[in-house]
Structure formats: C-alpha cells, structure tokens
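In case you want the letters, here they are:
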Amino acid sequence: MLVPADRNPGRTWRQGPALAVVPQTEAAARPIRIGYARTSMVRQELASQIEALEAAHCHKIFQEKISTRVKHRPEMAAALKLARDFKEAAPDQVVILTVHEMKRLARNAAELMQLSADLESTGILLELLTGPLTGIYDPNGMGSMLFAVLAVAAQLDRNYIREKTLEGQQAAARKGNHGGRPKVIDDDMLTFAVALKDKGTPVPEIAKKLVIKTGKNAGEHPSVASVYRALADAEEAAAFAAVDDGLPLRPKPARILQSGDPLTPEETDLRERLIAQRAQLTAADREEERAPA
C-alpha cells in the first residue's frame, strides 16, 4: 500500500478533497428491450417485424412461426423468462417487451389479460411499434386500462375476421364452390347408384358399374366405402328435405309409365345421362377385355 511522502507519526488529520460523483453512463440508463416476432403460417415472412425490432435497439429478439391455435408458444415464454431474469438481477433496470403490433401478443382477450397480469407482477413494460396505440405502456396504474382496451380490441378483431371468413365461405357455396377435395361420385353417378340400389343391386356390384369421370382416378371404379358414404348422404339429405317440407318420412311413390306416356323433361334428362353412363361402362369393359392378362 502506498504511503504519502509527507505522512509522519503524530501528524494531524485533515479533510481531503470530496469524491467526484461519477455520472451514470448512457448504457446503464438505457432500457433493455426484449423483442418478439411471430407469424401464424410458415409461408409468411418475419423480416419486416425483425427489421422494426432491430431499429428499436432490442437487446435480443425471439421469433417463431406457429399457428394461433397452438396455446403454448415456446419463444414467447422464453422472451418473458429473459425479461423476468433481467428484472430479478437488477430491479431498478427498465425492461421492455417490444412487439411489432398488438396481434402478435395473444390469441384472444383472455390470453391478453393474462399477459397483462404477468407483466404487472414483474414490472415489465410493453411497447407497440405500429398501430393506433403505438408507444410504451406500464401495466401498473393507467397502463392497466390500456390492457383492458387491448383485450377488447383483440377480441373484436378476431370476431371480425371469423365473420368475414364465414361470409366468404357462404358466398362461395352459393356459387357451387364448397371447397375441399372434389367429389369422387358426382350427381349423375349418385342418381345411377340410387336407381340400382332401389332395384336391389348389392353395393359392391354398384361400385363396379360406376366410373369416375375426373381427377387422378378418372376411368377407375370408386371404392365400395365411397359408394356406401354417398348413398348414406343421399338418404340423409332426402330425410332432411322431407322434414323441412313438412312431409312424412316415407318413400316417394314411383311413377309407372304406360306404353305411349310422354316423358317429363327431368325423366328425359335422366334417361340420357343413364344411357351415357352405360356407354362409358361398356367402353371401359371392352378396354379391360382387350387388355393383356
């Protein structure tokens, strides 16, 4: 230990100069931002969110591509854990959870309110970079009112998206587009199958008499299970139609044609479709017979 040169035994103590106050550095005063970016589908991009979070000087950015139907989001949990660790290590340090927009936070109002409670219990602030509520919010005090508004807004936005989706599906259904895979058994095939079933033809035999017209299985016979399902759906649809019309659930009597009776337009159209179906089946049988064993 160094000893001053003028120090001697018995020397009177004198007050030295006051210690200079070292000002807090800018780095120590700067808040710590934990960024979080998310998309709900794999084909969506995260670059714009990450770019905005980097411009906000986030200490670390967590990102994930996960569906909104998934309740547990690992990267979101990791971001909150890191923010809590910073607050536990330095309680006076300002820690902010930063997201690009409000809808990246939670799936519904209940989750958003739970997030608000978690941030409030740990003293972590929330920052929104875009949207009408852009800014930094403290979940304590007046900030809790904002979280209530965010929860209502998130739920309304989700309900609006759901309603528009249902309206789009209904509009497409009115145009004949019901979505999903195309039907293996079309209406003409189903009419032919119902007629054969009414005559007592077994379902496996009916399947052999039907030919798929479109799709990758065009020219092949539908499976027995597909025929069973189509016939069951037809019976159920007929039953519901009878109930809606206020009619009893009983078989519709067949119209027995006499020699010389004219056909109705519906019967003429059905006869032409059945003749065409039979011609296709005969041609397919001939092809099968000519094929080498």
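Residues numbered from 1 in each chain as written. Predicted model: local features only at pLDDT ≥ 70, side-chain atom pairs only at ≥ 80, totals over all residues. Heavy atoms only, no water.

Caption draft 1: Broad picture of the overall build of the protein chain. A tally of regular secondary structure across the protein chain gives nine helices and five strands. For the protein chain, the proportion of its 293 residues judged to be buried stands at 25%. Taking the intrachain contacts of the protein chain between residues at least 6 apart in sequence as the baseline, contacts between residues at least 24 apart amount to 59%. A total of about 20,800 Å² of accessible surface is found on the protein chain, and carbon and sulfur atoms cover 57% of it. (Helix = DSSP H or I, 4+ residues; strand = E, 2+ residues; numbered from the N terminus. Buried < 20%, exposed > 50% of the residue type's maximum accessible area, 1.4 Å probe, protein only. Contact = heavy atoms within 4.5 Å. Areas by Shrake-Rupley, 256 points an atom, 1.4 Å probe, with all protein chains shown as cover.)

Caption draft 2: Molecular detail of the nonpolar core. Counting 19 residues, the largest nonpolar core has Ile-34, Leu-97, Leu-105, Leu-115, Leu-119 and Leu-126 as its most contacted members. When contributions to this core are tallied by element, the ones reaching two or more residues are strand S1 (32–39), helix H3 (74–89), strand S3 (95–99), helix H4 (109–122) and strand S4 (125–128). Ranked by residue count, the leading element in this core is H3, at four residues. Apart from the residues within four sequence positions on either side, Leu-115 is in contact with Met-76, Leu-80 and Leu-105. (Core = buried A, V, L, I, M, F, W, Y, C linked by side-chain atoms within 4.5 Å.)

Caption draft 3: Seen up close, helix H6 (residues 187–198). Between its first and last C-alpha atoms H6 spans 16 Å; for twelve residues at 1.5 Å apiece the expected length is 16 Å, and the two agree. Two or three places before Asp-188, at the start of H6, stands the capping residue Asp-186, its side-chain oxygen 3.4 Å from that residue's backbone nitrogen. Phi for Gly-200, located one or two positions after H6, is positive at around 95°. (Expected span 1.5 Å × (residues − 1). Polar contact = N/O pair within 3.5 Å; in protein donor to acceptor, adjacent residues only side chain to side chain.)

Caption draft 4: Representation of the environment of Glu-45 in the model. With respect to the element layout, Glu-45 can be found in the loop between S1 and helix H2 (47–55). The class of Glu-45 is partly exposed, set by a relative accessible area of 45%. Remark: the alpha-carbon pair of Glu-45 and Lys-65, spanning 20 residues in sequence, is separated by 8.9 Å. Of the polar contacts made by the side chain of Glu-45, one reaches the backbone nitrogen of Ala-47; its length is 2.8 Å. One polar contact links Glu-45 to Ser-48, side chain to side chain, over a distance of 3.1 Å.

Caption draft 5: Seen up close, the packing of aromatic side chains. Inspection of the entire model under this criterion finds zero aromatic pairs. Note that Lys-60 overlies the ring of Phe-62, its terminal NZ or CZ placed 5.3 Å from the centroid. (Phe/Tyr/Trp six-rings, centres within 6.5 Å; stacked < 30°, edge-to-face > 60°. Lys NZ or Arg CZ within 6 Å of the ring centre and 35° of its normal.)

Caption draft 6: Quick peek at unusual backbone geometry. Phi at His-57 takes a positive value of approximately 60°, unusual for a residue other than glycine. Counting through the fold element by element, His-57 comes out in the loop between H2 and strand S2 (60–65). Judged by relative accessible area, which is 61%, His-57 ranks as exposed.

Caption draft 7: Local environment of H3. With 16 residues, H3 extends 23 Å from end C-alpha to end C-alpha; this agrees with the ideal 22 Å at 1.5 Å per step. Met-76, Ala-79, Leu-80, Ala-83 and Lys-87 are the residues of H3 that are buried. Looking straight down H3, one finds its buried side chains confined to an arc of 95°; they lie on one side. Away from the buried face of H3 by more than 90 degrees, exposed residues Glu-88 and Ala-89 are located. (Arc of directions from axis to C-beta.)

Caption draft 8: A look at the sheet that holds S2. The mixed open sheet is built from five strands, whose spatial order is S2-S1-S3-S4-S5. Edge strands, defined here as strands with exactly one partner in the open sheet, are S2 and strand S5 (135–137). Here the strands of the sheet are splayed against their neighbours by 20° on average, with no regard to which way each runs. Pairing of S4 with S5 involves three bridges; the strand directions are antiparallel. In the sheet register, Glu-127 faces S5, and the bridge partner there is Ile-136. Strands in contact with H2 are S1, S2 and S3; relative to S1, the strand with the most contacts, it is inclined by about 175°. Sitting on the sheet, H3 touches S1, S2 and S3, and the angle it makes with S2 is about 160°. (Pairing = 2+ DSSP bridges. Axes fitted to C-alpha atoms, helices over the stretch in contact; angles between N-to-C directions.)

Caption draft 9: Summary view of the side chain of Arg-33. Following the sequence through the fold, Arg-33 ends up in strand S1. In this structure Arg-33 comes out as buried when scored by relative accessible area, which is 15%. One polar contact links Arg-33 to Glu-127, side chain to side chain, over a distance of 2.7 Å. Leaving out residues up to four positions away in the same chain, Arg-33 has contacts with Ala-56, His-57, Cys-58, His-59, Lys-60, Ile-96, Thr-98, Glu-127 and Ile-136.

So yeah, pure geometry; function would need other evidence.
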